[in-house]
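Coordinate analysis (summary)
The primary structure of each chain is shown beneath.
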Amino acid sequence: MSELLKKIDARTKLAGTNKLEILLFSLGIDQRTGRKETFGINVFKVREVMRTPEITSAPEMPSSVEGMVSLRGTLVPVIDLAKYAGVISEKRPEIMIVTEYNGHTQGFLVEAVDTILRLDWSAMRVPPDMITNRMGGLVTAITELDKGTLVMMMDVEKVLAETAMSEDNDSHHFANIEPVQHDCMVYFADDSAVARRQIERTLKAMGVRFSFAPNGMQAWEDLQKIATQAELANNKVKDSVQLILTDVEMPAMDGYMLTRMVKTDPRFAGIPVLMHSSLSGNSNQKLGESVGVDAYVSKFEPQKLSMKIREMLKL
């Protein structure tokens, strides 16, 4: 087996093990604080890393969007992450991380990339309020490396949502969602505040009741409580929750592990699991299927999400 196939096989086996691989990068020394922060992005979202190419400016772009580059004949928007994150650095970003997720390709300008680390999602923690407030909600999880370096997982879905679309002007995405005629309950888990708002708006437009958690671990704890309450009332869990909707990337416990826990617990028999992720490649869908996911839908497409929920609830 070639080295490439070995790497692919190794990554495939990460599904359901609560592990992930992240690419570490920095945005330079912030002149205001004198600090050089370390960020991370899921390797599954990285297509390639290159020296910053020539960028063509484009009109009427958000301030953090530098312009466009042509990659193999395709125009790709380029986002300066330092500008977006409010980091003031003297050095111009020399590296571009080409990312692909949620059906979009974009380049992220960074000062430097470091290495790829394999971690356990249980080592990723929900960021404290101090970091959340300082970074404007841009960080979804943090972890500390052996040498005391703090790594912050950047909410790249938030970056995409705020540079490629406007949440204030996207009402048309929800306009034609029809309400359901039956009482239904959906439980969902997602660590991105932007994604949670999208899901909430979709479910409210459908008239579907919901409850949620910001990570897989809390979701599993909540679902276990629901199962215990159902057992005490001599009811089936599926009478309380008709669908579980989960993201893939979440601190403490990822969506693959959450799905495996649900699917191996007989109390949740008959409850479908819908994976809702920005990891839109076929390989990631296959990973979900390997742990028992019933269906898959990509993020930021409310119409498709509502249609898939209807289909799975048989409404």
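On a predicted model such as this, the values are computed, not experimentally measured, just so you know.

Spatial ordering of the open sheet is given by β3-β6-β7-β5-β4, a layout of 5 strands whose pairing is mixed. At either end of the open sheet lies a strand with only one pairing partner, and these are β3 (46-51) and β4 (65-71). Each neighbouring strand pair of the sheet contributes to a mean axis angle of 30°, computed without reference to strand direction. As paired strands, β3 and strand β6 (residues 95-101) are joined by 5 bridges and run antiparallel to one another. The residue bridging Arg51 from the neighbouring strand is Ile95, located in β6. Contacting β4, β5 (74-80), β6 and β7 (104-110), helix α4 (residues 156-164) runs over the sheet at an angle of about 105° to β7.

Taken as a whole and assessed by the stated rule, the structure comprises 21 salt bridges. Close ionic contact of Lys91 with Glu111 constitutes a salt bridge, the shortest N to O distance being 3.6 Å. Residue Lys91 is found in the loop between α2 (81-85) and β6, and its partner Glu111 is found in the loop between β7 and β8 (112-120); the two are separated by 20 residues along the sequence. Here the residues in one salt-bridge network are Lys45, Glu157, Asp190, Asp247, Glu249 and Lys299, joined through shared partners.

Moving on: the pairing of strand β10 (residues 150-154). The element β10 is extensively covered by neighbouring structure, given that 4 of its 5 residues are classed as buried. The pairing of strand β2 (residues 36-42) with β10 spans 3 bridges and is classified as parallel. Within β10, the position partnered with Gly40 by the bridge is Met153. Bridge count between strand β9 (residues 139-144) and β10: 5 bridges; the pairing is antiparallel. Looking across to β10, one finds that Ile142 is bridged to Met152.

This part takes up the side chain of Glu37. As for its placement among the helices and strands, Glu37 is situated in strand β2. Beyond its immediate stretch of four places on either side in the chain, Glu37 contacts Phe25, Ser26, Leu27, Arg134 and Met152.

Another aspect to go through is the nonpolar core. The biggest cluster of nonpolar side chains holds 28 residues, and the ones touching the most others in it are Phe25, Leu27, Leu81, Phe108, Met135, Met154 and Val159. For this core, the secondary structure elements donating two or more residues are β1 (19-29), β2, α2, β6, β7, β9, β10 and α4. Residues in contact with Met154, not counting those within four places in the same chain, are Phe25, Leu27, Phe39, Gly40, Leu81, Leu138 and Val159. Core analysis: the next-biggest nonpolar cluster, separate from the first, contains 21 residues, Ala189, Ala219, Ile226 and Ile244 among them.

Strand order across the open sheet formed by 5 strands is β12-β11-β13-β14-β15, with parallel pairing between neighbours. The open sheet has two edge strands, β12 (209-213) and β15 (295-298), and neither has a second partner. Neighbouring strand axes in the sheet, compared pairwise and without regard to direction, differ in orientation by 20° on average. Here strand β11 (residues 185-189) runs beside β12; their pairing, made up of 5 bridges, is parallel. Bridge pairing in β12 places Tyr187 opposite Ser211. Running at roughly 170° to strand β14 (residues 273-277), helix α10 (residues 302-313) makes contact with β13 (243-246), β14 and β15 of the sheet.

Glancing now at unusual backbone geometry. Positive phi, normally seen in glycine, also occurs at Asn234, with a value near 60°. Within the secondary structure, Asn234 sits in the loop between α7 (216-232) and β13. On the basis of relative accessible area, Asn234 is assigned to the exposed category, the value being 71%. Of note, the phi angle at Ala252 is positive, near 75°, even though the residue is not glycine. By secondary structure assignment, the location of Ala252 is in the loop between β13 and α8 (255-263).

The rules behind each value
- Residues numbered from 1 in each chain as written.
- Predicted model: local features only at pLDDT ≥ 70, side-chain atom pairs only at ≥ 80, totals over all residues.
- Heavy atoms only, no water.
- Pairing = 2+ DSSP bridges.
- Helix = DSSP H or I, 4+ residues; strand = E, 2+ residues; numbered from the N terminus.
- Axes fitted to C-alpha atoms, helices over the stretch in contact; angles between N-to-C directions.
- Contact = heavy atoms within 4.5 Å.
- Salt bridge = Lys/Arg side-chain N within 4 Å of Asp/Glu carboxyl O.
- Buried < 20%, exposed > 50% of the residue type's maximum accessible area, 1.4 Å probe, protein only.
- Core = buried A, V, L, I, M, F, W, Y, C linked by side-chain atoms within 4.5 Å.

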